Structure formats: C-alpha cells, structure tokens
Amino acid sequence: MKNILRITILGIMRDRVFHGITVAALVFGLVPVISQLSMRQVTELALTLSLSLTSFLLLLLSVFLGGVSLWKDIDRRYAYSILGLPLRRSDYVLGKYLGIVSFILLTATVLGIVGALFSYSAIGVYPPNRPVLWENYVYAIFFDVLKYALLVSFAFLFSTISTSFFLPMFGAVCIFFVGSSSQEAYNYVNSPEAAALHPAAKSAITALYYVLPNFGAFDFKTNAIYSIPMDYQGLMLTFVYFCCYVSIVLGLAVILFNRRQL
Amino acid sequence: MSHPLELSSVSKQYVSRKHRVDAVREVSFAVAAGEIFGFLGPNGAGKSTTIKIIMNLIRADRGTATIFGTPSTKAETRRHVGFLPENPALYDYMTGAEYLRFVGNVHGMPKQRIRQRSDELLMLLDLLPAAKRAIRSYSKGMLQKLGLAQAIIHDPPVLILDEPMSGLDPLSRVLVKELIVNEKKNGKTVFFSTHIISDVERVCDRVGIIRNGILKAVKEVAPLLREGIEAYRVRFAEHESSAEQEIMVSPDDLTTQMVAITSTGGTIRLLEPVRKNLEDFFLHIIRED
Ligand SMILES: Nc1ncnc2c1ncn2[C@@H]1O[C@H](COP(=O)(O)OP(=O)(O)O)[C@@H](O)[C@H]1O
Ligand SMILES: [Mg+2]
C-alpha cells in the first residue's frame, strides 16, 4: 500500500498537476487587491476569498484526480502489470486513494498558507474590529480537505463499476452538488413552509438526506471569516461522521473492485 | 508435491449485449517443476484469457487455477510468480530504473539487492542507456524487455509470460529465448504463450496447442522433432576422385545403406535428416476441424 501511495503521488507530481496549482495560486494575488477595493469589511472579504478559492481548487483536484486515477490504470492496462504483483486489490485501491488525499492535503496546506499571507497583507492595512482567529482558519481548511476526501471516495466507488471516466467524474460532481444542498433541503422539508408537501416526498428527501453525504456539515468557513468561536463538539461529530462515511464508501469500492474483471 | 502451475477444467465466456464468446473451454493441464511449457495457438485462441485467469485479472466461470497447490485468486501466490502481460503497459511517468525499484519494493526485496538485480537485468537486456529515461519515451521492444525485467527481478520460481517475444527485433528475440532457457537451467518453471511455431521448437520441453478456447493437444517437443524424421539425405563418393552422388534413404534402411557404401571403399560426405516440418504437425492439429 505504501509503495502504491508513493508512486501515485509521484505520478501526480510528474503530470505537472502541481505546476497548475502554482499558477492557480497566483490568482491569490488578487485577494488583497479586491478586498481593499471594497474599503469595508476587508478582513472578512479577504478570508472569504482565500477560503473559497482554496475550496474551489480542491474541488477541481478531487473531481479530476479522483475520477481519472483508477479509470486510467484500467483503461491503459497499467493495472495488469500492477495487479500481477503480490498486491491485494484492496491495498492497491487504498494506496491510490491515500496518495490522492495526501496530495490534496499538501495542496490545501500550500494554498492555505498562500491565502493566509495575502489576507494578512490586506488586513495589515485595514485592521479588523475583531482579531482574526487563525486557528479557525486552519480548521476550516482541514475540514474542507475531509469533505473532498469523502468526495474522492465517491469518485473511486464510481470508478470501480465504470468503464469510462464519465461516471466517476460527473458522478462526483453530482454528488458534490446534491451533498452540498442536502442540509438545506432537509431543513426546508422540516419547516412550516413545507406543510403542503406530499408526505411521500418528505420521507424521500429525508431518506436521501441520511443516505447521501452531508457536505454542509464540513463547512466551518463562517467561524473563520467572522471569528466566531469553534464548537469543538461539532468538529468532533463531523470528524466521526467523516470516518464512518468514508469507511463505508471505500469498503464498498474495495468489494466491487475485488469482483471487477479487468 | 503440487505443480508450479495447474489448471483444471477452466472455462470462461465473455458476454456482451450481442455476442457470447467461449474464450476458454474446459482447459486442464499441469506444468511440471523445471520445465518450459509453450502455449501455442493462433490469434484469438484464448491464450491471454487463460493467462489472465491464472493471474486473477479476470475470474473463470468454472474451474480453478493453482500455483503450487494454492488457488491463484490469493494475492500471496504471486510472490512466487513473475508475470509479463501481453504488450505490457507500465506507468510511463517513471523511468525504467524507478519502475524496477518500485516492483522490487513491492516484493519486499532489500534495497541493495534491488539495485544489484536491476543493474544486472538492464545490462543483460541492453536497456542500460535508457534506464534513466521516462518509460513514455520507450519503443515497443524496449517496453517489452523492461516488462520482462520487472517480471524476473525477484528471481521467482515460476514465470508466466504472455507473448514474450512479440514486438522484438531478431537480436532481442534471441536474447529473450536465451534468457528463458537460462531460467530453466536455474531450475525455474516457465509458461509462455506464443503464436509462432519456431519459438516453441527451440526452447520448449512441452507444448500445449489451443484453438477456439479448446486445448487440442499437449505434447513433448523432443520426440516430435525425432519422430518427424522421414528420411536421410546421404551424399557420398564411390572413390576418392569420383563425383559426389546424393541419395535419399529411409530411416529403416539407413544402417544397411551406410554399410553398403563404406564396405566398397566409398566415403560419406554428408548425412542430414530430412524432417517433416514441425509446422505441418501443428498446422495439422490446428486445422483438424
Ligand atoms: N474483454 C473481452 N470481451 C469480449 N470478448 C473478448 C474479450 N477479450 C477477449 N475476447 C475474445 O476472446 C477470444 C480469446 O481472446 P484472447 O484470449 O485474447 O486470445 P489470444 O490471446 O489467444 O489471442 C477472442 O475471440 C477475443 O475476441
Ligand atoms: Mg493474446
């Protein structure tokens, strides 16, 4: 597993993905400019921009790497040579997964630092009313990484049953959008405005809410942006939720990949 | 002791929307320790399918494949196996040397040993100049040879090679054949597939002939070569100074003819067996129906 992890990261690096990220990180240069143009709430704006930009790049990475990685190995028949080695298929899948997640974590760290530096330079000029809680900034990015790690596991799950990259890529995008709005849908169904809704529709949405991932739970950006103290119990709960969910999805992916005919 | 490789009643059907292909039908055979077994058949005969089943890349519908008695569905059996896929694809962002190091690591070989074996094989297969180049830049033949190197880097007792000679120039073909024979000399078992008859003639102890997914025959190669002798071409001179004559002699008459020539003072200049072409034999089996 360790070996697969290592070569997966090597592969991502050699494919110059990191160069792309570096170029994209230059966009962060705009953060102080745009924030200062606004003249008001400079801190909030700078942090929002940094966190959103980081999140967006991580989304691209996870959909792209998660959707393509396994599919490419099967499609280009690299998997024949790799699985002819004394490797369990589970080790192969998990090694690849951890390789991608490690890379996403690395990217998040780099982008997080770059974003923080640019925000800091903006904030220096226009000091905020409340001091920035950088600890919250770190939590926000870390849980963003967990969110995308979960998304990558879905892309892997789709890769194990698909013969093209269409399903993994677009499946992951769909899961992302549905998962990001499932909390709102759930809240709506349980609000007084939804009284007219058919009970069957209500239970369907509620069922989906429990089955699909709830990406809203990973969003701690507001705590970072407005320096609102963290609810540590909430963090813990989300972390446990992540561990359970990702184990199930990856477990399923491994079972399906074990039965896969190459 | 159990065989290095044994298949019993292995069958595989590919099912797609429109077609059903019986790629392998009830194939059984056992490869003995220390022998070179050639798996010969025309394109589409089911060779690669059989090999993929052995390597657990696809699952047989029925039957089992075992490596030293353990079902090959278990990953640990591949510790004892070196595998070369048909037209191998190797991660092309790595260099040849890096790929060998990766494979050595997967096999849990010590660093020192990996380096030693890797240098040795790169040298042997004439890949040393390309060792530090990305695999992306390799030609088909170089890729094939690197594929072979990664299959034997851990010195496995069993080699399973799918068309090891394909895509190679004549010099490399000889190199690979020598390598296979060498592996046998070191006590290894080799199973390889091919569609080229002469590959089998030179190196194999036994040959299995497959067509349309059916194993038609399993034969020892040496007796085939011997039995194939139909006649001898004999060239002789009656006296020192007389002109050479040539006659064809059947194997049964050879001794008497030789005596007849030499007893009258003649000299034998040439004695050459005339074989029924091995190719004829294989083609006969393959064309049977
Ligand atoms: N993935 C597949 N789906 C459907 N048919 C296949 C597949 N792979 C191989 N076949 C068919 O199975 C038969 C055997 O193929 P193969 O084992 O590759 O032959 P060989 O290696 O002897 O040339 C052929 O008729 C081939 O068309
Ligand atoms: Mg083949």
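Residues numbered from 1 in each chain as written. Chains lettered and ligands numbered in written order. Predicted model: local features only at pLDDT ≥ 70, side-chain atom pairs only at ≥ 80, totals over all residues. Heavy atoms only, no water.

**Q** How would you explain the packing of aromatic side chains if you had to name every residue and give the values?
**A** All names here are of chain A. Considering all chains together, one arrives at 28 aromatic pairs over all chains under this definition. With a centroid separation of 5.7 Å and 90 degrees between ring planes, the pair formed by Phe142 and Phe143 is classed as edge-to-face. Using a relative accessible area of 3% as the deciding quantity, one classes Phe143 as buried. An angle of 70 degrees between the planes, with centres 5.7 Å apart, marks the rings of Tyr241 and Tyr245 as edge-to-face. With Tyr241 and Tyr245 both in helix α11 (residues 232–259) and four residues apart, the pair spans about one turn of that helix. Looking at Tyr245, the relative accessible area reads 11%, which means it is buried. Every member of this aromatic cluster is reached through a ring pair, and the members are Phe154, Phe158, Phe218, Tyr241, Phe242 and Tyr245. (Phe/Tyr/Trp six-rings, centres within 6.5 Å; stacked < 30°, edge-to-face > 60°. Buried < 20%, exposed > 50% of the residue type's maximum accessible area, 1.4 Å probe, protein only. Helix = DSSP H or I, 4+ residues; strand = E, 2+ residues; numbered from the N terminus.)

**Q** Please set out the interface of chain A and chain B residue by residue, giving values where relevant.
**A** A common measure of how large an interface is: the accessible area buried when the components associate. Contact with chain A, which involves 30 residues of that partner, is made by 29 residues of chain B. Taken over both partners, the interface formed by chain A and chain B buries close to 2500 Å², and the fraction arising from carbon and sulfur atoms is 56%. Put simply, chain A and chain B have two salt bridges between them. Between Arg136(B) and Asp15(A) there is a salt bridge, and its shortest N-O distance comes to 4.0 Å. Where chain A meets chain B, there are 17 residue pairs in polar contact (both at pLDDT 80 or more). Looking at the side of chain A that touches chain B, the elements with two or more residues in it are α1 (2–14), α5 (78–83) and α6 (89–125) of chain A. The element contributing the most residues to the side of chain A that touches chain B is α1(A), with eight residues. (Contact = heavy atoms within 4.5 Å. Buried area = accessible area lost by both parts, 1.4 Å probe. Salt bridge = Lys/Arg side-chain N within 4 Å of Asp/Glu carboxyl O. Polar contact = N/O pair within 3.5 Å; in protein donor to acceptor, adjacent residues only side chain to side chain.)

**Q** Please provide a residue-by-residue account of the pairing of strand β10 (residues 214–220) of chain B, values included.
**A** All names here are of chain B. As paired elements, strand β9 (residues 206–211) and β10 share six bridges and run antiparallel to each other. Considered in β10, the bridge of Arg211 is made with Ile214. As consecutive antiparallel partners, β9 and β10 are separated by two residues, and within that stretch Asn212 has a phi angle of approximately 50 degrees, a positive value. (Pairing = 2+ DSSP bridges.)

**Q** Help me get a handle on a positive patch on the surface, residues and values and all.
**A** Taken together, the side chains of Lys2(A), Arg6(A), Arg101(B), Lys111(B), Arg115(B) and Lys132(B) define a basic patch exposed on the protein surface. Broken down by secondary-structure element, the contributors of at least two residues to the positive patch are α1 of chain A together with α3 (111–124) of chain B. Structurally, Arg6(A) can be placed in helix α1. When its relative accessible area of 46% is taken as the criterion, Arg6(A) is described as partly exposed. (Patch = residues over 30% accessible without salt bridge, like charges linked within 9 Å, V, L, I, M, F, W, Y side chains within 5 Å. Areas by Shrake-Rupley, 256 points an atom, 1.4 Å probe, with all protein chains shown as cover. Lys, Arg positive; Asp, Glu negative; His and termini not counted. Charge placed at Lys NZ, Arg CZ, Asp CG, Glu CD.)

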